[in-house]
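Residue-level structure breakdown
The lines below spell out each chain.
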Amino acid sequence: MSAAPDAKPLKGLFIRTHGCQMNVYDSERIRDVLKPLGYAPVDAPEGADLVVINTCHIREKATEKVYSELGKLKRMKEASGGRMTIAVTGCVAQAEGAEIIRRQPAVDLVLGPQAYHKLPEMIARASRAVGDRLETEFDTVEKFDALPKTRDPDGPTAFVSVQEGCDKFCTFCVVPYTRGAEISRNVDDVVAEVRDLAGKGVREITLLGQNVNAFHGPAPRLEGGEDWTLGQLVRHLARIGGIERIRYTTSHPRDMDDDLIAAHGDTPAMMPFLHLPVQSGSDRILKAMNRGHTADQYRDIIARVRAARADIAIASDFIVGFPGETDADFEATMQLVRDIDYAIAYSFKYSARPGTPAAEMALHVPEDVKDRRLQALQALLRDQQTAFNRAQIGRTIPVLVTGKGRNEGQMHGRSPYLQAVHFDGTEAQLNQLVDLRIVDASLNSLTGELVRVCEPAQ
Ligand code: 5AD
Ligand code: SF4
């Protein structure tokens, strides 16, 4: 292909993404923002003109990773004769700001998660060595307005951010400080983004937000009136031609309203998967965490969701060793896990985060006790996950084919329950929905046999 006469020479862009799906989405949008400047993605940082480290601040370990990575990049930058520009984005950038440049002077730019639309302007300034190297303003609306209106999807699935920030202030969590106050995008903008993606072959969207079910976006002009809830948004997006699967993450029990629960039962595009973090099964600890609900209220929500959609896969997050957590509190968490029976769950040792109320609480749990509890919880969760996966054996389920498998002649995709599935297939099936009969399953994946390639929905 010959380059357009005015095309700028390509510059190598390497983005490393840490943390949650919101960061994955932000990294994609950073790529979109930089494309008009002639930046094209490369597979490794060596030799790249611009390296972006999109960071996570949720636990101490995630933060420390950033500094060790920056040390390696400094050496690469020296080897490039200083040609490489290093930018730090995301939540560590927001939380630690100028401290990053102080600890690692090789860093050229630091931008918070609501400021990365300003990257082009900051890169230009950095190249002339003028102006600020730090941008951590909170202006989510301005960010979305400034981002390119079209996207370059990477296959048949895409994330779509609909809500950012959090006002819940769980006492252990940095998100309300790093991502700012809760804000929803307006429905028209979300619809335009999803239409654009559907037109480019996307069939499965995952609506993203730190508290996605707190969504309350301004309604389309013609429909006027009240802000829409997530349930209303999902029903609306389900009508866009080409969109066959809708997911959302991450949600909060307090925002699980009746309409959203009903949508799980009556909207065929809504996938049978719900990630609803509970963190603990002890009412005492839930209160100290400022979660705003009890363990029984959570059980009741799950029961209602299952009444709407019997086969729904339930996922969660847990923290063990929150300050003051006793053996009895931990046992209440284990009991909740036994009661719910999870398809998958993520569990972490409590990590004290500077500036959060829990970091100041008394009775921090010793590391060895946290370790023991985490191992016990993870063993139980692994058993449940394996059992959930094995329960698919013998069933025929629709799988969206997302890529080639590791072995020759193998493809892989996603089940409705977000399980990874491998099968013997061909590249012609890429981006298609196929029915697979599940013949084997383990902790992390399923094996299927092709039954048929499904017709695209009209
Ligand atoms: N320590 C340990 N885990 C945490 N999480 C959030 N903050 C902390 C912390 N300080 C976990 C929660 C949350 C997930 C994204 O990370 O389980 O749901
Ligand atoms: Fe953090 Fe709680 Fe907000 Fe989730 S709801 S982002 S855990 S403060």
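The structure displayed is predicted, hence computed values, not measured ones.

Regarding its fold elements, the protein chain presents 14 helices and 19 strands. Computed over its C-alpha atoms, the radius of gyration of the protein chain comes to 23 Å, within 12% of the 23 Å expected for a compact globule of 458 residues. Principal axes of the C-alpha set define a box for the protein chain whose edges measure 60 × 60 × 55 Å. Counting across all 458 residues of the protein chain, residues that qualify as buried make up 53%. Relative to all contacts within the protein chain whose residues are 6 or more apart in sequence, the contacts with residues 24 or more apart total 70%. In the form shown here, the protein chain has an accessible surface area of approximately 20200 Å², with 51% of it arising from carbon and sulfur atoms. Counting 56 positive and 63 negative side-chain charges, the protein chain places the averaged centre of each group 3 Å from the other.

Every residue near ligand 2 is listed here: Cys166, Lys168, Phe169, Cys170, Phe172, Cys173, Val175, Pro176, Asn211, His252 and Arg291. Here the residues of the shell around ligand 2 sort into seven nonpolar, two polar and two charged.

Turning to helix 1 (residues 21-34), a few remarks are in order. For helix 1, which comprises 14 residues, the first-to-last C-alpha distance of 20 Å matches the rise-based estimate of 20 Å (1.5 Å per residue) to within 8%. Of all 14 residues in helix 1, 11 are buried, a share of seventy percent or more. Every buried residue belonging to helix 1 is among Met22, Asn23, Tyr25, Asp26, Ser27, Glu28, Arg29, Ile30, Asp32, Val33 and Leu34, and all of these are buried.

All right, on to a negative patch on the surface then. The grouping of Glu137, Asp139, Asp145 and Asp189 at the surface amounts to a negative patch. Within the fold, Asp145 resides in helix 6 (residues 140-146).

The next thing to look at is the pairing of strand 7 (residues 157-161). Along any regular strand the residues' side chains alternate between the sheet's two faces. Most of strand 7 is tucked away: five of the five residues are buried. The two faces of strand 7 match: Thr157, Phe159 and Ser161 on one face and Ala158 and Val160 on the other face are all buried. Relative to strand 10 (residues 204-208), strand 7 is paired through five bridges, and the arrangement is parallel. Counted as the bridge partner of Val160 is Leu207 from strand 10.

Below, the discussion takes up the site of ligand 1. Ligand 1 sits among Ile58, Arg59, Phe172, Gln279, Asp317, Ile319, Phe348, Lys349, Tyr350, Ser351 and Arg353. Separating an oxygen atom of ligand 1 from a side-chain N or O atom of Arg59 is a distance of 2.8 Å. Broken down by secondary-structure element, the contributors of at least two residues to the shell around ligand 1 are strand 13 (313-320) and strand 14 (344-349). Each residue belonging to the shell around ligand 1 can be placed in one class, and the counts come to five nonpolar, two polar and four charged.

It is worth spelling out helix 9 (residues 230-237) at this point. Judged by how many residues are buried, helix 9 sits mostly within the fold: six of eight residues are covered. If you check which residues of helix 9 are buried, you get Leu230, Gly231, Leu233, Val234, His236 and Leu237. If you follow the buried residues of helix 9, they end up packed against helix 8 (187-199), strand 10, strand 11 (245-249) and helix 10 (258-266).

Quick look at the pairing of strand 14 now. The pairing of strand 13 with strand 14 spans six bridges and is classified as parallel. Directly across from Ile319, in strand 14, lies its bridge partner Phe348. In the classification by handedness, the crossover that spans strand 13, the intervening helix 13 (residues 327-340) and the parallel strand 14 is right-handed.

Conventions we followed
- Residues numbered from 1 in each chain as written.
- Chains lettered and ligands numbered in written order.
- Predicted model: local features only at pLDDT ≥ 70, side-chain atom pairs only at ≥ 80, totals over all residues.
- Heavy atoms only, no water.
- Helix = DSSP H or I, 4+ residues; strand = E, 2+ residues; numbered from the N terminus.
- Rg over C-alpha atoms; globule rule 2.2 N^0.38 Å.
- Buried < 20%, exposed > 50% of the residue type's maximum accessible area, 1.4 Å probe, protein only.
- Contact = heavy atoms within 4.5 Å.
- Areas by Shrake-Rupley, 256 points an atom, 1.4 Å probe, with all protein chains shown as cover.
- Lys, Arg positive; Asp, Glu negative; His and termini not counted.
- Charge placed at Lys NZ, Arg CZ, Asp CG, Glu CD.
- Near = heavy atom within 4 Å.
- Nonpolar A, V, L, I, M, F, W, Y, C, P; charged D, E, K, R; others polar.
- Expected span 1.5 Å × (residues − 1).
- Patch = residues over 30% accessible without salt bridge, like charges linked within 9 Å, V, L, I, M, F, W, Y side chains within 5 Å.
- Salt bridge = Lys/Arg side-chain N within 4 Å of Asp/Glu carboxyl O.
- Pairing = 2+ DSSP bridges.
- Polar contact = N/O pair within 3.5 Å; in protein donor to acceptor, adjacent residues only side chain to side chain.
- Right-handed = clockwise from strand over helix to strand, strands pointing away.

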